[in-house]
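Spelled out from the first residue to the last, the chains are:
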Amino acid sequence: MKNGLNYNGFVLGVGWDELKKFIKTKNSFLIYPIHEKVYIPYETFKSRFRDTFNSLSSLKRMESENINLENVRYLLADNREVKKFLREDLKKGALTETIVLEEEKRLLETDMPHYLWVCEIPVKNMSSETEYLFFFC
């Protein structure tokens, strides 16, 4: 993907001298972002997920029986959609374990970047039904 200056990536830091070349008239204007958006590259996210997964012994035990890491989906999601999903799950409440509900509440109270990496892990439960475990970054 190329940005407006035909460089790879979304963002490029440029000096004022370079920027002035693109301001042609007195009617030109700049859009100044209100907050910085930091994006973690896909491969970095996958690596962090794998490291975290491998560091949690309870998940490692589950992997051999209930989790196939080949079926994991990695998604980039708008945090508003993530929070909407969490709010909807909180409404169900009784269907979810207390520790999950507490974590969902904590996530809803946390400031997040506009986009989040989401790792969706299918897990076979005791009834061989598929449930999902999520990692957010």
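Placed above this text is the structure.
Report follows, based on the coordinates. (Residues numbered from 1 in each chain as written. Predicted model: local features only at pLDDT ≥ 70, side-chain atom pairs only at ≥ 80, totals over all residues. Heavy atoms only, no water.)

Focus: the overall build of the protein
Phase 1 of the analysis: Across its full length, the protein carries five helices and three strands.
Phase 2 of the analysis: Starting at the N terminus and ending at the C terminus, the protein contains elements arranged as α-α-α-β-α-α-β-β.
Phase 3 of the analysis: Buried positions account for 23% of the 137 residues belonging to the protein. (Helix = DSSP H or I, 4+ residues; strand = E, 2+ residues; numbered from the N terminus. Buried < 20%, exposed > 50% of the residue type's maximum accessible area, 1.4 Å probe, protein only.)

Here we look at helix α5 (residues 98-108)
Phase 1 of the analysis: Every buried residue belonging to α5 is among Leu101, Glu104 and Leu107, and all of these are buried. For α5, the arc enclosing every buried residue in end-on projection is 125°, short of the 170-degree limit, so these residues lie on one face. Opposite the packed face of α5, turned more than 90 degrees from it, sit the exposed residues Thr98 and Ile99.
Phase 2 of the analysis: Each element contacted by the buried residues of α5 is listed here: α4 (79-92) and β3 (130-136). (Arc of directions from axis to C-beta. Contact = heavy atoms within 4.5 Å.)

Regarding the sheet that holds β3
Phase 1 of the analysis: Strand order in the open sheet formed by three strands is β1-β2-β3, with antiparallel pairing between adjacent strands. On the outer flanks of this sheet lie β1 (73-78) and β3, each paired with one strand and no other. Strand-to-strand, the axes of this sheet are offset by a mean angle of 35°, without reference to chain direction.
Phase 2 of the analysis: Two elements, strand β2 (residues 115-124) and β3, share seven bridges in a ladder whose sense is antiparallel. (Pairing = 2+ DSSP bridges. Axes fitted to C-alpha atoms, helices over the stretch in contact; angles between N-to-C directions.)

A look at the pairing of β2
Phase 1 of the analysis: Of all 10 residues that make up β2, eight are buried, and the element is covered over most of its length.
Phase 2 of the analysis: Where β1 meets β2, six bridges bridge the pair, whose relative direction is antiparallel. Within β2, the residue paired with Leu75 across the bridge is Val118.
Phase 3 of the analysis: Connecting the antiparallel pair β2 and β3 is a turn made up of five residues, with Ser128 showing a positive phi of about 65°.

Quick look at the side chain of Asn79
Phase 1 of the analysis: With respect to the secondary-structure elements, Asn79 resides in helix α4.
Phase 2 of the analysis: For Asn79, a relative accessible area of 12% translates into the label buried.
Phase 3 of the analysis: Beyond its immediate stretch of four places on either side in the chain, Asn79 contacts Met112, Pro113, His114 and Leu116.

Remarks on the environment of Asn71
Phase 1 of the analysis: Tracing the chain through its elements places Asn71 in the loop between α3 (57-65) and β1.
Phase 2 of the analysis: Assessed through its relative accessible area of 45%, Asn71 is described here as partly exposed.
Phase 3 of the analysis: The residues touching Asn71, leaving out its near neighbours within four places in the chain, are Glu120 and Pro122.

A few points about the packing of aromatic side chains
Phase 1 of the analysis: The tally for this structure, following the rule as stated, stands at nine aromatic pairs.
Phase 2 of the analysis: Taking the centre distance of 5.1 Å and the plane angle of 75° together, the rings of Phe49 and Phe135 count as edge-to-face. Taken as a pair, Phe49 in helix α2 (residues 42-55) and Phe135 in strand β3 lie far apart in primary sequence, 86 residues in all. Just as Phe49 is buried, Phe135 falls in that class too. (Phe/Tyr/Trp six-rings, centres within 6.5 Å; stacked < 30°, edge-to-face > 60°.)

A closer look at the side chain of Lys83
Phase 1 of the analysis: Mapped onto the elements, Lys83 comes out in helix α4.
Phase 2 of the analysis: Within the buried core, Lys83 has no salt-bridge partner, and the shortest N-O distance to an opposite charge, that of Asp111, equals 5.5 Å. (Lys, Arg positive; Asp, Glu negative; His and termini not counted. Salt bridge = Lys/Arg side-chain N within 4 Å of Asp/Glu carboxyl O.)

Examining α4
Phase 1 of the analysis: The terminal C-alpha atoms of α4, which comprises 14 residues, lie 20 Å apart, in line with the 20 Å expected from a rise of 1.5 Å per residue.
Phase 2 of the analysis: For α4, the secondary structure elements touched by its buried residues are β1, α5, β2 and β3.
Phase 3 of the analysis: Following α4 by one or two positions, Gly93 has its phi on the positive side, about 40°. (Expected span 1.5 Å × (residues − 1).)

All we've got here are geometric facts, nothing functional implied.
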